[in-house]
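As a plain string of letters, each chain reads:
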Amino acid sequence: MRLSEMKAGQKGSITRIGGGGALRRRILEMGVLKGTEVYVEKYAPLRDPLELIVKGYHLSLRVEEAAQIEVENVA
């Protein structure tokens, strides 16, 4: 499933980071790496952007950026 498809309150583990160039590099530099656990804190009122908790800090991504990241649900 894609990160952009997760609902607020769900946890997931990153399995793949797509995209290319500057976008991929920026996401990796922010600590969003394969195997990292993420928690979807909330979506903005118009569902863009979404707020994640990654490694203890809050990170906001646009939905189109989150669509490049594949995750698996963590119970």
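One can find the structure itself at the top, above this paragraph.
Keep in mind the model is a prediction, meaning the values are calculated, not measured.

Undergrad: Could you clarify how one ought to interpret the overall build of the protein chain in this entry?
TA: The number of helices and strands found in the protein chain is 2 helices and 5 strands. Sequence-ordered secondary structure for the protein chain, helices as α and strands as β, is β-α-β-β-β-α-β. Computed over its C-alpha atoms, the radius of gyration of the protein chain comes to 11 Å, within 12% of the 11 Å expected for a compact globule of 75 residues. Principal-axis analysis of the C-alpha atoms gives the protein chain an extent of 30 × 25 × 25 Å. Counting over 75 residues, the protein chain shows a buried share of 33%. Considering only intrachain contacts with a sequence separation of at least 6, the fraction spanning at least 24 residues in the protein chain is 58%. About 4,500 Å² of surface is accessible on the protein chain, with carbon and sulfur atoms providing 49% of the total. Of the side-chain charges in the protein chain, 12 are positive and 10 negative, and the distance between the mean point of each set is 3 Å.

Undergrad: Mind showing me how you'd approach the sheet that holds strand S2 (residues 37-43) here?
TA: Where strands meet in a sheet, backbone hydrogen bonds hold them as pairs that are either parallel or antiparallel. With antiparallel pairing, the 5 strands of this open sheet are ordered in space as S4-S3-S2-S1-S5. In this open sheet, the two edge strands, each paired with only one partner strand, are strand S4 (57-61) and strand S5 (69-73). This sheet shows a mean twist of 45° between the axes of neighbouring strands, independent of strand direction. In terms of strand pairing, S2 meets strand S3 (residues 50-54) through 5 bridges, oriented antiparallel. Bridging across to S3, Val40 finds its partner in Leu52.

Undergrad: How should the packing of aromatic side chains be read in this particular structure?
TA: Each aromatic ring pair is characterised by the separation of its centres together with the angle its planes make. Under the counting rule described, the total for this entry stands at 0 aromatic pairs. Taking NZ or CZ as reference, Arg47 lies 3.9 Å from the ring centre of Tyr43, over its face.

Criteria and cut-off values
- Residues numbered from 1 in each chain as written.
- Predicted model: local features only at pLDDT ≥ 70, side-chain atom pairs only at ≥ 80, totals over all residues.
- Heavy atoms only, no water.
- Helix = DSSP H or I, 4+ residues; strand = E, 2+ residues; numbered from the N terminus.
- Rg over C-alpha atoms; globule rule 2.2 N^0.38 Å.
- Buried < 20%, exposed > 50% of the residue type's maximum accessible area, 1.4 Å probe, protein only.
- Contact = heavy atoms within 4.5 Å.
- Areas by Shrake-Rupley, 256 points an atom, 1.4 Å probe, with all protein chains shown as cover.
- Lys, Arg positive; Asp, Glu negative; His and termini not counted.
- Charge placed at Lys NZ, Arg CZ, Asp CG, Glu CD.
- Pairing = 2+ DSSP bridges.
- Axes fitted to C-alpha atoms, helices over the stretch in contact; angles between N-to-C directions.
- Phe/Tyr/Trp six-rings, centres within 6.5 Å; stacked < 30°, edge-to-face > 60°.
- Lys NZ or Arg CZ within 6 Å of the ring centre and 35° of its normal.

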